Structure formats: C-alpha cells, structure tokens
Amino acid sequence: MKNAIHLHPRRAACAGLALLLLAGCGALPDKPARATLYDFGPGPVAPAAAASPAAAALPTLALAEIESNTRLDGTQILYRLGYADANELRPYGQSRWSLPPAQLLRQRLRDALADRRTVLGPEESATIARAEGKVPDTLRISLDEFSHYFDSASSSVGLVRMRATLIRGTTGGDRVLGQRSFTVRRPAPSADAPGGVKALAAATDAAVAEVVQWVDQQPRQ
C-alpha cells in the first residue's frame with residue numbers, strides 16, 4: 001500500500017517490546033497493604049487524684065522485665081478457635097501490636113503501680129542497691145496467655161493469663177513473699193482483630209488492677 005509504514009525488523013521488535021511493557025505496567029499488583037498497628041490506648045486521661053498519705057508510705061518496688069513464651073515475643077495479634085482447635089494459635093494477617101504484648105503490659109503495670117509508689121527498673125534497682133546497700137522488693141511477671149479466644153464463631157473474649165511473684169532480696173538470698181496466678185476474660189465487641197484488641201486491652205487493665213491490689217496487700221519491709 002502507498003501509505004503503509006515499513007519498519008526495520010529490529011525497530012519493530014523494540015516497538016513491540018515497548019507496547020508489552022506499557023501494557024504490563026497497568027497489570028502490576030498494588031503495593032501490599034500496611035499492617036494496622038494497635039496498642040492499649042492512652043490510659044486514663046483525667047487528672048490523677050492526689051496520693052493519700054497511706055499510698056505515699058508504700059515502699060519502693062522494682063519491676064523486672066516481663067517474661068513470656070516465644071510465641072508472644074513478636075507483635076502478631078493472636079487468636080484461638082476454642083470450638084475447633086484450642087491448641088492452635090493463629091495470627092491476624094494485617095494487624096499488629098506496636099510492641100510485643102509483654103512490653104505493652106509492663107508499661108501499663110508500671111504506670112498503675114507508680115500511682116501509689118516509686119517504681120524502679122532493674123538497672124535503677126541495682127544502682128540503689130550499690131549506693132545504699134538496700135534492695136527494694138522485686139515484682140516479676142510471667143505472661144502465659146494473651147489471645148483473642150473464640151468460644152464459638154459468634155462469641156469471643158480477650159484472654160489474659162499471668163503469674164506474679166514478689167521477691168525480697170536478703171543477705172541469705174532471695175525469698176519469695178508471695179505468688180499468685182491471674183486469669184481475666186473480657187468480651188470482644190466484634191469477631192475480628194479490632195474487637196480482639198479492645199477485649200485484650202480491657203482484660204489487661206483488669207488484670208493489672210488485680211496485680212496492683214495483690215502487691216499492696218503483701219508484707220512490707
């Protein structure tokens with residue numbers, strides 16, 4: 001044909017490749033969705049009440065790093081289908097804790113204890129022990145369960161189970177003042193990750209309140 005355009009074979013191949021690349025760009029998958037991050041919320045936002053004289057007299061306490069099993073060391077939000085296989089821990093795909101649960105729990109517990117007494121970390125406690133020759137009692141927590149637990153497909157709770165041990169250091173070695181296990185369940189408002197987060201935050205706050213009350217009842221130095 002008179003008006004036909006003839007391309008060199010090599011140029012024709014390049015043109016075809018360019019068309020394929022342009023077409024392929026439109027078929028590229030979207031970027032993976034970023035995981036939604038959760039924590040326990042800001043905590044009490046109202047002004048704290050003035051400490052009572054009795055609260056001010058509570059002795060200084062050292063709060064150890066919280067121990068947990070390796071499955072809770074990460075930031076995955078975990079759930080169990082109790083009605084199907086309660087032994088299997090499953091992660092929500094696009095939801096994460098901002099920190100491992102043990103660290104979030106320790107922050108919440110430290111803040112609650114600090115409303116009533118001075119709370120030290122392990123390094124601060126060791127510094128005072130070297131300087132003053134006096135070791136404050138140490139609270140150790142083991143986090144054993146932290147999951148969104150489904151009793152059925154339509155009913156679920158935030159399940160928190162922990163063990164608290166209060167230890168007093170003496171010249172003859174450490175002495176256990178008391179030990180207690182705490183198990184708290186709080187209903188989830190929905191059968192998904194956001195519902196599990198709300199239930200676990202509520203269960204954590206309830207467990208923390210029980211631990212604080214228990215610690216306050218232990219013998220003082």
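Each remark here, short or long, concerns the structure printed above.
Definitions and limits used
Residues numbered from 1 in each chain as written. Predicted model: local features only at pLDDT ≥ 70, side-chain atom pairs only at ≥ 80, totals over all residues. Heavy atoms only, no water. Helix = DSSP H or I, 4+ residues; strand = E, 2+ residues; numbered from the N terminus. Expected span 1.5 Å × (residues − 1). Buried < 20%, exposed > 50% of the residue type's maximum accessible area, 1.4 Å probe, protein only. Contact = heavy atoms within 4.5 Å. Polar contact = N/O pair within 3.5 Å; in protein donor to acceptor, adjacent residues only side chain to side chain. Phe/Tyr/Trp six-rings, centres within 6.5 Å; stacked < 30°, edge-to-face > 60°. Pairing = 2+ DSSP bridges.

K.L.:
When you look at helix H3 (residues 101-114) in this model, what are you seeing that I'm missing?
P.N.:
Between its terminal C-alpha atoms H3 stretches 20 Å, which fits the 20 Å expected from 14 residues at 1.5 Å a residue. For H3, the full list of buried residues reads Pro 101, Ala 102, Leu 104, Leu 105, Arg 106, Arg 108, Leu 109 and Leu 113.

K.L.:
It is not clear to me how the side chain of Arg 106 should be interpreted in this structure. Could you clarify?
P.N.:
With respect to the secondary-structure elements, Arg 106 resides in helix H3. Discounting chain neighbours no more than four positions away, the residues touching Arg 106 are Leu 63, Ala 64, Glu 65, Ile 66, Gly 121 and Pro 122.

K.L.:
How do you make sense of the side chain of Arg 108 when you look at a structure like this?
P.N.:
With respect to the element layout, Arg 108 can be found in helix H3. The buried category is assigned to Arg 108, whose relative accessible area is 16%. A polar atom in the side chain of Arg 108 sits 3.1 Å from the backbone oxygen of Gly 41. Within the local environment of Arg 108, its side chain forms a polar contact with the side chain of Asp 205, the two groups lying 2.8 Å apart. Non-local contacts of Arg 108, meaning those with residues more than four positions away in its chain, are made with Phe 40, Gly 41, Pro 42, Gly 43, Asp 205 and Val 208.

K.L.:
Is there a simple way to think about the environment of Arg 34 in this case?
P.N.:
If you trace the backbone, Arg 34 turns up in the loop between helix H1 (9-26) and strand E1 (36-38). Sequence separation between Arg 34 and Arg 96 is 62 residues; the distance between their C-alpha atoms is 10.0 Å.

K.L.:
Is there a simple way to think about the packing of aromatic side chains in this case?
P.N.:
Between two aromatic rings, the relevant description is the distance of the centres plus the angle of the planes. Under the counting rule described, the total for this entry stands at 6 aromatic pairs. Ring geometry for Tyr 79 against Tyr 92: centres 4.6 Å apart, planes inclined by 35 degrees, an arrangement best described as tilted. One end of the pair, Tyr 79, is in strand E4 (residues 76-81); the other, Tyr 92, is in strand E5 (residues 85-97), and 13 residues separate them in sequence. An aromatic cluster is defined as three or more aromatic residues linked by ring pairs; in this entry it consists of Phe 40, Trp 97 and Phe 146.

K.L.:
Got a minute to help me understand helix H5 (residues 193-216) in this structure?
P.N.:
Here H5 contains 24 residues, and its C-alpha end-to-end distance of 34 Å stays within 8% of the 34 Å for a straight helix at 1.5 Å per residue. For H5, a buried count of 17 out of 24 residues is recorded, marking the element as mostly surrounded by other parts of the structure.

K.L.:
Got a minute to help me understand the pairing of strand E7 (residues 137-152) in this structure?
P.N.:
Put simply, side chains in a regular strand alternate between the two faces of the sheet. Most of E7 sits out of view: 12 of its 16 residues are buried. Across 3 bridges, strand E2 (residues 61-63) lies against E7 in parallel orientation. Looking across to E7, one finds that Ala 62 is bridged to Thr 138. Sheet analysis places E4 next to E7, joined by 3 bridges and oriented parallel. What sits directly across from Tyr 79, in E7, is His 148. Where E7 and strand E8 (residues 155-170) come together, 13 bridges link them in antiparallel fashion. Bridge pairing in E8 links Leu 139 to Leu 166. Hairpin connection, E7 to E8: the antiparallel pair is bridged by 2 residues.

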